[in-house]
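Topology and contacts: notes
The residues making up each chain are set out below.
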Amino acid sequence: MGYTKDDIRMLIGESDVKFIRLQFTDIFGTLKNVAVTASQLERLLEGRCMFDGSCIEGFVGIEESDMYLKPDLDTFVIFPWRPQHGKVARFICDIYGADGKPFESSPRHILKRALDRAKGMGYEFDVGPECEFFLFKTDDEGEPVIIPHDKGSYFDLGPVDKGENARREICLTLEDMGYEIESSHHEQAFGQHEVDFKYTDALKAADNIATLKLVVKTVAQRNGLFASFMPKPMNGQNGSGMHINISLSKDGENVFFDENDSRGVEMSDIAYKFLAGVMSHIRGLSLITNPIVNSYKRINTGFDAPEYIAWSAANRSSLIRIPSGRGERKRIELRNPDTATNPYFAFAAILWAGLDGIEKNMKAPEQVNRNIYEMTEEERAKNGIESLPKTLGEAIYEFERDGLMKKALGEDAFNKYLSAKKKEWDEYCKSVNSWEMARYINIY
């Protein structure tokens, strides 16, 4: 959009905006905000709105807690669901320290740094995330109960798809905010839905995901429902993934496409090297793309989620699928990420892994067109097919030993994220859950 400060002043005044939210995410991708009134607009535009960074997990200690929010003017939107008199607007912000320098561990800065690395090699990085979520019923006090809002499945419509109205409201709300929605539909599991933004550059795509989560939860609440992006909230049902479609462009042209590809997939050597880089680092990457204990209940129990490290142009049991698009639509689809991921970290780490494959001239393995789930363990071993981590603990081990992950996040963010995940895993391992009680209480 290319807003200037004068554009913002005019929009704030003409639209009767009285309240402005300055949004950012913590290292886990959770959306945070500082709110100011429109009377503070000039201070806001100068990047002088301050907050206490020591209150945000993974940021800074109390001895260096003063941090400043600098708004990205192009992220300005007015919330359609707020009052029409005295409206509420928002900016997504970059974080700066008291010294005037960007905060190195800010997720948005980490993604920008990755994009600068790609730009230095002549590439632009575009992505298209496919974000899934559940709509659950609520009790009399508005608290969620794990009962899906409907019992629809893939591409169902009303009246079977009871979430149709809420999903439509989500899409219309996003369009009112200036976003272009490519598609939306009911997903396979009961109460599960998907909304897809138009394919775009990685920074905008990460901002889009942060905004989508806010809008989905807000619209769900307005409809007496609860929206959850938890990867695997129900036994016996598919979990929620966030498949990420990826491509690189150079001078405005998609460099992943090559109609003369000897493998018949119409992918370029650069695309194969990028794919090889992602596959070589995917076990360490998993702590970012599948960041919580519950993530591994989704990817290790079937239900269409990938479990094995392989790629294919057709096989949907593989980690990476190559969709059939040609020319500018040629891309690779990474299928293990879930909706708990921090999109800024995920896009940055995936890009670093792919560029590592290009720089080191990594060779992609042959594609696997068989259903990997139907292979025996011996057949998978013969074909060199490894599995993704089985638990958060295993993912922590792989993340810690993959030196590229430290480069991708920066040492400070890497150490803080690793420490937080070790604590999370330790707490889980010490807890007694309902499965243990049901399985053992009457036996022992």
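Our subject is the structure that appears above.
Residues numbered from 1 in each chain as written. Predicted model: local features only at pLDDT ≥ 70, side-chain atom pairs only at ≥ 80, totals over all residues. Heavy atoms only, no water.

A few points about the environment of Arg167
Within the fold, Arg167 resides in helix α4 (residues 164–176). Each C-alpha atom of the pair Arg167 and Ser247 lies 28 Å from the other, and the pair is 80 residues apart in sequence. A polar atom in the side chain of Arg167 sits 2.8 Å from the side chain of His193. (Helix = DSSP H or I, 4+ residues; strand = E, 2+ residues; numbered from the N terminus. Polar contact = N/O pair within 3.5 Å; in protein donor to acceptor, adjacent residues only side chain to side chain.)

Here we look at the pattern of salt bridges
Inspection of every chain in the model, using the stated rule, returns 25 salt bridges. The salt bridge involving Asp426 is made with Lys430; its shortest N-O contact spans 3.0 Å. One end of the pair, Asp426, and the other, Lys430, are both in helix α12 (residues 411–430), 4 residues apart, so they sit about a helical turn from each other. Note on Lys430: relative accessible area 63%, which makes it exposed. Bridged by salt links that share partners, the residues Asp72, Asp94, Arg108, Lys112 and Asp207 form one connected network. (Salt bridge = Lys/Arg side-chain N within 4 Å of Asp/Glu carboxyl O. Buried < 20%, exposed > 50% of the residue type's maximum accessible area, 1.4 Å probe, protein only.)

Observations regarding the side chain of Asp72
Note that Asp72 resides in the loop between β4 (66–71) and β5 (77–78). For Asp72, a relative accessible area of 19% translates into the label buried. If we skip the residues at most four places from it in the chain, Asp72 touches Phe91, Ile92, Cys93 and Arg108. (Contact = heavy atoms within 4.5 Å.)

Considerations on a nonpolar patch on the surface
Taken together, the side chains of Trp435, Tyr440, Ile443 and Tyr444 define a hydrophobic patch exposed on the protein surface, amounting to about 540 Å² of accessible area. Looking at the secondary structure, you find Tyr444 in the segment after α13 (434–440). For Tyr444, a relative accessible area of 77% gives the class exposed. (Patch = residues over 30% accessible without salt bridge, like charges linked within 9 Å, V, L, I, M, F, W, Y side chains within 5 Å. Areas by Shrake-Rupley, 256 points an atom, 1.4 Å probe, with all protein chains shown as cover.)

Topic: the environment of Glu411
Considering the arrangement of structural elements, one finds Glu411 in helix α12. Take Glu411: its relative accessible area is 53%, and that puts it in the exposed class. A C-alpha to C-alpha distance of 8.7 Å links Glu411 and Ser105, two positions 306 residues apart in sequence.

A word on the packing of helix α5 (residues 202–222) against helix α8 (residues 343–359)
Running from N to C, α5 and α8 point in directions that differ by 150°, and their axes come no closer than 9 Å. On the basis of their axis angle, the class for α5 and α8 is roughly antiparallel. In terms of crossing hand, the pair formed by α5 and α8 is right-handed. In this structure, α5 uses Ala202, Leu203, Ala205, Ala206, Asp207, Ile209 and Ala210 to contact α8, whose residues at the interface are Pro343, Tyr344 and Phe347. Residues that form the contact of α5 with α8 fall into these classes: 9 nonpolar, no polar and 1 charged. (Axes fitted to C-alpha atoms, helices over the stretch in contact; angles between N-to-C directions. Parallel < 35°, antiparallel > 145°, perpendicular 65-115°, else oblique. Left-handed = near helix turned anticlockwise from the far one by under 90°. Nonpolar A, V, L, I, M, F, W, Y, C, P; charged D, E, K, R; others polar.)

Notes on the nonpolar core
Grouped together as the largest cluster of nonpolar side chains are 120 residues, with contacts concentrated most on Phe125, Ile246, Leu248, Phe274, Ile320 and Phe347. Looking at this core, the element that brings in the most residues is α8, giving 12 residues. Residues within four places of Ile246 in sequence aside, it is in contact with Phe125, Asp126, Val127, Tyr199, Phe256, Phe274, Arg331, Ile332, Leu334 and Ile350. Counting 6 residues, the second-largest nonpolar core is a separate cluster that includes Val368, Ile372, Met375 and Ile385. (Core = buried A, V, L, I, M, F, W, Y, C linked by side-chain atoms within 4.5 Å.)

Topic: the pairing of strand β7 (residues 124–138)
Where burial is concerned, most of β7 is hidden: 12 out of the 15 residues are buried. Bridging between β7 and strand β13 (residues 242–250) involves 8 bridges; their strand directions are antiparallel. Pairing of Gly128 across the sheet is with Asn245, part of β13. Relative to strand β11 (residues 200–201), β7 runs antiparallel, the two being bridged by 2 bridges. Bridge pairing in β11 places Val127 opposite Thr200. Sheet topology note: the β7/strand β10 (residues 192–197) ladder contains 5 bridges and is antiparallel. Of the residues in β10, the one forming a bridge with Cys131 is Val195. Sheet analysis places β7 next to strand β12 (residues 226–228), joined by 3 bridges and oriented antiparallel. Looking at β12, one finds that Phe134 is bridged to Ser228. (Pairing = 2+ DSSP bridges.)

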